[in-house]
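# Geometric and topological summary
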Amino acid sequence: MPDSALPRPEIQFATIAQQGDTAELGIWAFLINETIFFGALIFTYFLYRNFYPHEFAVAAKDTVLWCGTLNFLILITSSLTMVLSINAAAQGERKAMILWLVITCALGFAFLLVKGYEYYLDFLHKSVPIVAYEIKPGEGNAGILFWAFYWVATGLHAIHLMAGIGLVLYMLLWRIRRGLITPAYYAPLEVVGIYWSFVDVVWLFLFPCIYLVGRS
Amino acid sequence: MRIEVDPRRAKALPFAVGWAAVIVLGGVSLGTAFLGIGVWAPIIQFGMSFIQTVIVYVLFMRLKGPPSLKWIFAASGFFWLLFLYGITMTDYSNRRGWPPPSAAAPPVLETPSARAP
Amino acid sequence: MSVTTVERASADEPPETEPSYLTAENTISSWLLTRDHKRIALLFFASITFFFFVGGMAATLMRLNLATPEGLLQPSVYNRMFTMHGIIMVWFFLIPSIPTTFGNFFIPLMIGARDLAFPRVNLGSWYVFNLSGLVVLYSLVMGGADTGWTFYTPLSTSFANGYVFAAAMAVFINGFSSIMTSLNFVVTIHRLRAPGMTWMRLPLFVWGIYSVSVVMLTATPVLTMDTFLLAVERFVGTGLFDPAHGGDVLLWQHMFWFYSHPAVYIMILPAMGVISEIIPCYARRPIFGYAGMVIALMAIAILSFFVWAHHMFVAGISIYSAVFFSLMTFFVAVPSAIKVFNWTVSLHKGSISFDAPMLYALGFVLLFTVGGVTGLMLATLPVDVDVHGTYFVIAHFHYIMVGATVSAYFAALHYWWPKITGRYYPEGWARFSAILTYVGFNFTFFPQFILGYLGMARRSYTYPADWQSWNLLSSAGASILAVAYALPLLYLGWSLIWGRKAGPNPWRATGLEWAIASPPPEHNFERTPTVTLEPYSYDPEHGSFVTQEGRSHAR
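Here's what I pulled together on the structure shown here.

Conventions we followed
- Residues numbered from 1 in each chain as written.
- Chains lettered and ligands numbered in written order.
- Predicted model: local features only at pLDDT ≥ 70, side-chain atom pairs only at ≥ 80, totals over all residues.
- Helix = DSSP H or I, 4+ residues; strand = E, 2+ residues; numbered from the N terminus.
- Buried ≥ 20, exposed ≤ 12 C-beta atoms within 10 Å, placed from the backbone.
- Contact = placed C-beta atoms within 7 Å.
- Axes fitted to C-alpha atoms, helices over the stretch in contact; angles between N-to-C directions.
- Parallel < 35°, antiparallel > 145°, perpendicular 65-115°, else oblique.
- Left-handed = near helix turned anticlockwise from the far one by under 90°.
- Nonpolar A, V, L, I, M, F, W, Y, C, P; charged D, E, K, R; others polar.
- Core = buried A, V, L, I, M, F, W, Y, C linked by C-beta atoms within 7 Å.
- Domains from an automatic or database assignment.
- Pairing = 2+ DSSP bridges.
- Bend = angle between axes of the 7 residues up to and from the residue.

### Some remarks on the overall build of chain A
Looking only at helices and strands, chain A has six helices and two strands in total. Taken from the N to the C terminus, the helices and strands of chain A come in the order α-α-α-α-β-β-α-α. C-alpha atoms of chain A, sized along the principal axes, occupy 70 × 30 × 30 Å. Residues classed as buried in chain A amount to 56% of the 216 residues present. A sequence separation of at least 24 residues applies to 77% of the contacts in chain A between residues at least 6 apart.

### Some remarks on the overall build of chain C
Looking only at helices and strands, one finds 16 helices and three strands in chain C. If one aligns the C-alpha atoms of chain C with their principal axes, the spans along those axes are about 70 × 45 × 45 Å. Considering chain C as a whole, with its 555 residues, one finds that 57% of them fall into the buried category.

### A short note on the interface of chain B and chain A
On the chain A side, the residues contacting the 49 residues of chain B number 51 residues. For the side of chain B that touches chain A, the elements supplying multiple residues, two or more each, are α1 (13–32), α2 (40–60) and α3 (69–92) of chain B. The dominant element in the side of chain B that touches chain A, judged by the number of residues it contributes, is α3(B), at 12 residues.

### A word on unusual backbone geometry
With an omega of -5°, the peptide bond running from W98(B) to P99(B) counts as cis. By the element assignment, P99(B) lies in the segment after α3. Here the bond from T153(C) into P154(C) is cis, since omega is -5°, no more than 30 degrees from zero. With respect to the secondary-structure elements, P154(C) resides in the loop between α5 (119–141) and α6 (155–159). The phi angle at K349(C) is positive, at roughly 60°, despite the residue not being glycine.

### Digging into the packing of helix α7 (residues 164–191) of chain C against helix α8 (residues 204–236) of chain C
All names here are of chain C. It is at 7 Å that the axes of α7 and α8 come closest, and there the two elements cross at 155°. As the angle between them shows, α7 and α8 are arranged roughly antiparallel. You can see that α7 and α8 cross each other, and the crossing is left-handed. Within the contact of α7 with α8, the residues separate by chemical class into 22 nonpolar, seven polar and one charged.

### Here we look at the interface of chain C and chain A
Residue-level contacts link 34 residues of chain C with 24 residues of chain A. Put simply, the parts of the chain that give the side of chain C that touches chain A at least two residues each are α7, α8 and α9 (249–283) of chain C. Looking at the side of chain C that touches chain A element by element, the count peaks at 10 residues for α8(C). For the side of chain C that touches chain A, the class distribution of residues is 20 nonpolar, 11 polar and three charged.

### Notes on the nonpolar core
Counting 281 residues, the largest nonpolar core has I275(C) and A411(C) as the members making the most contacts within it. The greatest single-element share of this core, amounting to 23 residues, is contributed by α9(C). Counting only domains with at least three residues in this core, you end up with domain 1 (9–60) and domain 2 (66–91) of chain B. With residues up to four places along the chain from it excluded, the contact list for I275(C) reads W343(C), A361(C), F364(C), V365(C), A408(C) and A411(C).

### As for the sheet that holds strand β2 (residues 544–546) of chain C
Strands in a sheet are paired, the pairing made by backbone hydrogen bonds, and the direction either parallel or antiparallel. Residue and element names in this part refer to chain C. If you walk across this open sheet you meet the three strands as β1-β2-β3, and the pairing is antiparallel. Looking along the sheet, the strands with just one partner apiece sit at the ends: β1 (537–539) and β3 (552–553). Of the strand pairs in this sheet, β1 and β2 are connected by three bridges, and their pairing is antiparallel. When the bridges of β2 are listed, S537 appears paired with V546.

### Thoughts on the environment of Y210(C)
Residue and element names in this part refer to chain C. Mapped onto the elements, Y210 comes out in helix α8. Separated by 88 residues in the primary sequence, Y210 and M298 have C-alpha atoms spaced 8.9 Å apart. If sequence neighbours within four positions are ignored, Y210 has contacts with F185, V186 and I189.

### A few points about the packing of helix α1 (residues 16–51) of chain A against helix α6 (residues 187–211) of chain A
Residue and element names in this part refer to chain A. At a closest axis distance of 10 Å, the pairing of α1 and α6 adopts a crossing angle of 15°. Judged on the interaxial angle alone, α6 and α1 are roughly parallel. The way α1 lies across α6 gives a crossing that is right-handed. Along its contact with α1, which presents Q19, G20, A23, E24, I27, L31, E34, F38, I42 and Y45, the element α6 presents A187, P188, E190, V191, I194, Y195, F198, V202, F205 and C209. For the contact of α1 with α6, a count of residues per class yields 15 nonpolar, two polar and three charged.

### Notes on helix α14 (residues 391–421) of chain C
Residues and elements named next belong to chain C. Of all the bends in α14, the greatest reaches close to 45° and is centred on Y415; the proline P418 follows between one and four positions later. Across the 31 residues of α14, 28 count as buried, placing the element largely inside the fold. Just downstream of α14, G422 is the residue with a positive phi angle, here 80°.

That's the geometry; what it means functionally is another story.
Below, the structure is given as structure tokens:
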């Protein structure tokens, strides 16, 4: 059983437990905002896909399915490793906590690498509106709307993932190094974990939006 | 001072099971894309996405535990989206002139005379 | 009123154990890196006052231009003036106004907490706000945007020649500031209430801030996405609003108004909260129908999400959709009307003092009623077809945003001035300013109802010569209004140095914020208060009151 002293809460909190619970509530409040942010974008996708199904199906054929699927596997695995890191923090296993966190970070980078390569392939397929775009036969004028959505959605998702990686690095290099994450108080790590898993959830919706259209 | 470990954080197995479940559901989703079942494919796919989200939220993001207010926060984002989706569709579903026919038109090719030698 | 209570109140004054939040530490970094919600409130106060004057200068130029049909400004310059006036007043003054100043200062005090839940997020919100302010100033200085504050596509994406990208990015960044502030308030009110402070014992100002924070948190992300898509389309050359590719230009409007209609309720809900604090205190009786007021606030917050396309009745949406939105707009007026009835009835058998806060509050109720009723006129489809895009709409929303919200802002400023600064303001000058505001405001904006009905189009640098007299009257009224807004700056500034010192509870009010010293100590409460009573326990017959902690005070 781990054995550590309780850290002092900030002045507005009565106990450190209240501080941790409040931090958790805070990140969930922030996720309301993020859900609606991505939800609004996905709404525009559903709107246009509903009215231009054929054009979207043709345009989406050029998406790189193996990249999307690989990234799906990478992200859900990173959610798992993140949770394992928090479990280790709760049990006071500092080395395991750091190891799982480093793996999570590495998986995040792996996602970005795969995404970067996929962007390169998209460029070769001429799927970049205005910059390098070719209207494929059958996609009409509206096919470009699919690709406009693709670049905005995956770009914003990647930015959120980079923010997540930044937070993980901040945990590793700042809070954990200074011994601020202990079994008595590991709420900051939980907050980062919740954000990280949310970025994963966004991909769970983007994946069918982008990669599963027009395959049959 | 002794700290009690949160019992839900003591074992890795439930999380591994959740991870596997999300992957299996993803596989189902992927599979439906190739079956040629028309409009049912996106319905099943996004249904899978929602189930996967519930698994990740409840298990990985620890929605089960206190404070119980988290449930309401987690649900309200999606709930508010219903307003956006549902009410906006009252316009798009029956607006005259929507969708515009030009969207499906083939692109106008540049005529050779535009580039005089 | 309230002159003799300083001595009486000082008997209850808690012993001085801490220096006040103003004098605790006085280096620049102790202000710029503060975590104290009260100092952050003052930082925000400085920022929004600055932007109020920038937006006001644009308005001054507009009204000078409109005093004669020949005008003063080039048409393209006029277009940039009304655009920047709208953008700056909406996002850089009205939306932050009451929440970031009085909300930040008083929410912890009113609920018995020592700070907000996330003090660093609070400070971050101020820095993000200023960053967005720098971007909008850049846009303004470089020549501004000319699309109107609503950035309608395809003008904004494909045709406008101005700094649209910068202006849109300023709004995009500003949204994050809103989100950070509102998130803080929601979590704080849920988690940091003192023992005994149940939801139905919260002062109505707290409910006003809570309801506004729910709206901010859920509406702002849609605007964030919309402005991002606008910026992408303007920058790249095509996007989701591009009609050449089957995109819908009205999609911009749908998503914009999905936020911007709740945004106008963001601007009024905290104001309503302020008025609900002031009327009981200056009528010396409890608010009528506390539960109804709470339900009305939350109902307005939720219903505000169902009405947005009443801004789009003539844009080309489906007629059936328009009927739905018109119906919903009628519904949303009901809780607002309930509040007006309750404020009015709250005066009945009260012992009313016409001090400046009360004068502003009464002005609020009257001006809000006019604005609200004309809103119902606009909700009526046939009327809107006629007056959409005219000065009738401008008059309607200025009655609410300026007549109501800015009056409430000044009411709050005067009411809480002694608590924030420890000084009384000069009552005579304040009453004069309140009355002058009311007079100037009506002379400025009532003629605009008439002009709109006659058919004068908005967003136009000129107009037919027949309408000059109304326009001249409006511009003359604006000059009076300008004086009325400038005066408080002068006498409040004066009071900081020469004003009479105030005790903890100069107005003999019942809230927890009046139980501590004026100005408050850095960490608010030495020990967390215990709440036993609902708010506004004033007794008009005996002139006594009971604080929320249960301490009675006789006449």
